[in-house]
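# Coordinate analysis (summary)
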Amino acid sequence: MSTKKKLLLVFGGYALLMIAIFLIFGSDGKNEEFQPQNEFKLDPWVDIHLGGIDLSINKAVLYIVLASVITCVSMVMIANRMKAKPNKTQMAVEVIYDVIRKQITNDNLNDKLAAKYFPFLATLFFFILFSNFIGLIPLPTNTEHPVHIFGMEVPSFALYAATANISIPLVLTLVVWVLYQAEGIRHHGFFKYLGTWLPAGLEDMNVFGRAAIFLIEAISQFVRLISLSVRLFANILAGHLLLLFMGGGLAVLLGLGALGVLTFPMAFAFYIFEIVIVAGLQAFIFSILTAIYLGEATSESH
Amino acid sequence: MDPIAFIATALPLAEAAEEEGGGSFLVQPGIGLMIWTLVAFVITMLVLKRFAFPKITEALEERAGQVAKNIDESERRRAEAEEVLAEYRERLKEAREQADDIVARAKRAGDAAKAEATEEGKAKREELVAAARKDIDAETKRSLEQIRKEVADLTVLATEKVARKTLDSDDQKRLVEEALAEVDFSALSGEPSRN
């Protein structure tokens, strides 16, 4: 039997299984009750209100604190166990550390700034990386659909990611934005720094043209607030939505159990894709863009 | 049912009923969460900056230093080894030259000894030959003398017998002279005849 035939047989059998399940269970009709987006809804667990600010502890706060604690504990543990002959974990951390040090920090910043901002950039990277990883571990955090065990209400296991909430990437982006603008102003002086926003080669242009271009550049500076935060947020949210739908959400929504047969294996593929590629890649992109913005703000020409 | 159309209706991001449905909270930043994040991030950064990064950097730099040191060390050793090798080559060459020299000298000495021995042998041989020749000459001379005497005596005897008388000394002398003059002795001494 050729490979082509084997593949056809496997997929044919798979399709048959799907049809069989559809014939047995049929369709329950569209499920109006299940709201997938509510997986990402934040219900306050502990209400805290301080001076009009809602500091309630919810799922996202738990994830942020978890990410923070796990980042600190694992990195400090690794740091204290550094050996001359590294084991596999240490080797992996060293490779990541080297990437942060060389590709992210030193390639974009001069030596002085690199030394100053390396802790910030490395923390950004590891913080986002661990947040993304924790987001892919099922934790008993779903209070909307609790499970009842011996009459006790226990939150069911669910996937959630701190970075799939806009607030978290946004506040990190704000910190980055303020930092690089401040660094630019410190380096050039306020007006000269604004002058560096204009691209080189416009010396012959009239005032109105230059003003228009300055306006565009200024807008692009503010758009970075959105692009940097939404890139991370949307990637992680989309990944989690995909996992939710493929892992059964779509079948539940449509009341089509048969569809689950098709989507469930894809959930595994997406899960691997998320954990191997997206989690690290988004952390890398966020921190390298930060380094690039910092480098750009302090370089002589735009 | 068309799944794409379905997702579009299932995720009504903006329209949304207020309570359970709707997903506008997905893109609505919350100040409280932002403050929590900021605090968590700053604490994480301080902890890592204080307890993790210096040690990791130190370990990595130490390793890099170790590697550089090892490379330098091996470089040095290699240079040293090369130097020693060159020295040994030089010495070997010297030794070979010396050996060649010794062999050459030995050969020369041998040749000289051989030549000397040959020379000596030749001289000795010539000496011996000369001595032998002298002996032969002397012997020949003596033999000739004897033959001459013998012949003279025989002549005298024969003449006495023929003449039945004793020859006086004058006759005898004359006879001898005559007889001897007729006998050519030169053939005996190996010299060419004088007449």
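Residues numbered from 1 in each chain as written. Chains lettered and ligands numbered in written order. Predicted model: local features only at pLDDT ≥ 70, side-chain atom pairs only at ≥ 80, totals over all residues. Heavy atoms only, no water.

Glancing now at the overall build of chain B. The secondary structure content of chain B amounts to 4 helices and 0 strands. Going from N to C terminus, chain B has its helices and strands arranged as α-α-α-α. The proportion of buried residues among the 195 residues of chain B is 18%. Considering only intrachain contacts with a sequence separation of at least 6, the fraction spanning at least 24 residues in chain B is 39%. Accessible area for chain B stands at about 15600 Å²; split by element, carbon and sulfur atoms hold 57% of it. (Helix = DSSP H or I, 4+ residues; strand = E, 2+ residues; numbered from the N terminus. Buried < 20%, exposed > 50% of the residue type's maximum accessible area, 1.4 Å probe, protein only. Contact = heavy atoms within 4.5 Å. Areas by Shrake-Rupley, 256 points an atom, 1.4 Å probe, with all protein chains shown as cover.)

Turning next to the overall build of chain A. In terms of regular secondary structure, chain A is built from 8 helices and 4 strands. Of the regular secondary structure in chain A, the N- to C-terminal order runs α-β-β-α-α-α-β-β-α-α-α-α. Classification of the 302 residues of chain A by burial places 44% in the buried group. Considering only residue pairs separated by 6 or more positions, chain A has 69% of its internal contacts joining residues 24 or more positions apart.

Where charged atoms of side chains with opposite charge meet at close range, the side chains can pair. Summed over all chains, the structure comprises 16 salt bridges over all chains. Of the charged contacts in the structure, one is a salt bridge between Lys102 of chain A and Asp98 of chain A, with a shortest N-O distance of 3.0 Å. Pair noted here: Lys102 of chain A and Asp98 of chain A are both in helix H3 (residues 88–106), with a separation of 4 residues, about one helical turn. Arg91 of chain B is the salt-bridge partner of Glu87 of chain B, the closest N and O atoms lying 3.0 Å from each other. Here Glu87 of chain B and its partner Arg91 of chain B are both found in helix H2 (residues 31–163), 4 residues apart, which amounts to about one turn of the helix. Here Glu87 of chain B falls in the partly exposed class, since its relative accessible area comes to 42%. (Salt bridge = Lys/Arg side-chain N within 4 Å of Asp/Glu carboxyl O.)

All right, on to helix H7 (residues 207–254) of chain A then. Residues and elements named next belong to chain A. Between its terminal C-alpha atoms H7 stretches only 60 Å, short of the 70 Å expected from 48 residues at 1.5 Å a residue. In H7, a bend of some 65° at Gly248 exceeds every other bend along the element. Where H7 begins, the side chain of Asn206 points an oxygen toward the backbone nitrogen of Phe208, at a separation of 3.2 Å. Immediately beyond the C-terminal end of H7, within one or two residues, lies Gly255, with a positive phi of roughly 65°. (Expected span 1.5 Å × (residues − 1). Bend = angle between axes of the 7 residues up to and from the residue. Polar contact = N/O pair within 3.5 Å; in protein donor to acceptor, adjacent residues only side chain to side chain.)

What follows concerns the nonpolar core. In this structure, Met75, Leu124, Tyr180 and Phe286 of chain A together with Phe53 of chain B are the most contacted members of the largest nonpolar core, which totals 78 residues. Mapped onto this core, the elements with two or more residues apiece are helix H2 (59–80), H3, helix H4 (111–134), helix H5 (167–188), helix H6 (190–196), H7 and helix H8 (257–298) of chain A together with H2 of chain B. In terms of residues, this core owes the most to one element, H4 of chain A, which gives 15 residues. Not counting chain neighbours up to four residues away, the residues in contact with Leu124 of chain A comprise Leu172, Val176, Phe286, Ser287 and Thr290 of chain A together with Phe41 of chain B. (Core = buried A, V, L, I, M, F, W, Y, C linked by side-chain atoms within 4.5 Å.)

What follows deals with the packing of H5 of chain A against H8 of chain A. Residues and elements named next belong to chain A. In the contact formed by H5 and H8, the axes pass within 8 Å of each other and the chain directions differ by 20°. Between H5 and H8, the angle falls in the class roughly parallel. Of the two elements, H5 crosses H8, and the hand of that crossing is right-handed. Along its contact with H5, which presents Pro169, Leu172, Thr173, Val176, Leu179, Tyr180, Glu183, Gly184, His187 and His188, the element H8 presents Phe286, Thr290, Tyr293, Leu294, Ala297 and Thr298. (Axes fitted to C-alpha atoms, helices over the stretch in contact; angles between N-to-C directions. Parallel < 35°, antiparallel > 145°, perpendicular 65-115°, else oblique. Left-handed = near helix turned anticlockwise from the far one by under 90°.)

Here we take up H4 of chain A. Since there are 3.6 residues in each turn of an α-helix, residues three or four apart along the chain are aligned in direction. All names here are of chain A. Its 24 residues place the ends of H4 33 Å apart at the C-alpha level, agreeing with the 34 Å of an ideal helix rising 1.5 Å per residue. The sharpest bend along H4 measures roughly 50° and falls at Tyr117, with the proline Pro119 sitting one to four residues further on. Of all 24 residues in H4, 19 are buried; the element is thus mostly enclosed.

Residues Ile53 of chain A together with Ile31, Ile35, Val39 and Ile43 of chain B make up a contiguous nonpolar surface patch of about 380 Å² in total accessible area. Examining the composition of the nonpolar patch, we find that 4 residues originate from one element, H2 of chain B, more than from any other. Residue placement: Ile31 of chain B occurs in helix H2. (Patch = residues over 30% accessible without salt bridge, like charges linked within 9 Å, V, L, I, M, F, W, Y side chains within 5 Å.)

All names here are of chain B. Residues at a pLDDT of 70 or more form 79% of chain B, whose mean pLDDT is 81. When mean pLDDT is compared element by element in chain B, H2 scores highest at 90, while helix H1 (residues 3–10) scores lowest at 46. For residues 1–21, every residue scores under 50 in pLDDT, and the model assigns this stretch 30 contacts once sequence neighbours within four places are set aside. (pLDDT = per-residue confidence, 0-100.)

With 42 residues of chain B at the interface, the matching set in chain A holds 56 residues. The junction of chain B with chain A conceals about 4300 Å² of combined surface from both sides, 77% of it contributed by carbon and sulfur atoms. When the area that chain B buries against chain A is broken down by residue, the three leading residues are Leu33, Trp36 and Phe41 of chain B, summing to 16%. Here Arg101 of chain A and Glu61 of chain B are joined by a salt bridge, their closest N and O atoms 3.5 Å apart. (Buried area = accessible area lost by both parts, 1.4 Å probe.)

Attention now goes to the environment of Leu48 of chain B. Inspection of the secondary structure assignment puts Leu48 of chain B in helix H2. Filtering out sequence-adjacent residues up to four positions away, Leu48 of chain B remains in contact with Thr71, Cys72, Met75 and Thr123 of chain A together with Phe53 and Pro54 of chain B.

All names here are of chain A. Remark: H5 packs on H7, axes separated minimally by 9 Å, with the N-to-C direction vectors making an angle of 145°. For the element pair H5 and H7, the recorded crossing hand is right-handed. Contacts from Pro169, Leu170, Thr173, Leu174, Val176, Trp177, Tyr180 and Gln181 of H5 reach H7 at Gln221, Phe222, Arg224, Leu225, Leu228, Ser229, Leu232 and Phe233. Classifying every residue of the contact of H5 with H7 by side-chain character gives 11 nonpolar, 4 polar and 1 charged. (Nonpolar A, V, L, I, M, F, W, Y, C, P; charged D, E, K, R; others polar.)

For Gln90 of chain A, the location among the structural elements is in helix H3. With relative accessibility at 4%, the residue Gln90 of chain A sits in the buried group. Ignoring sequence-local partners within four residues, the contact set of Gln90 of chain A consists of Arg81, Met82 and Lys83 of chain A together with Arg63 of chain B.

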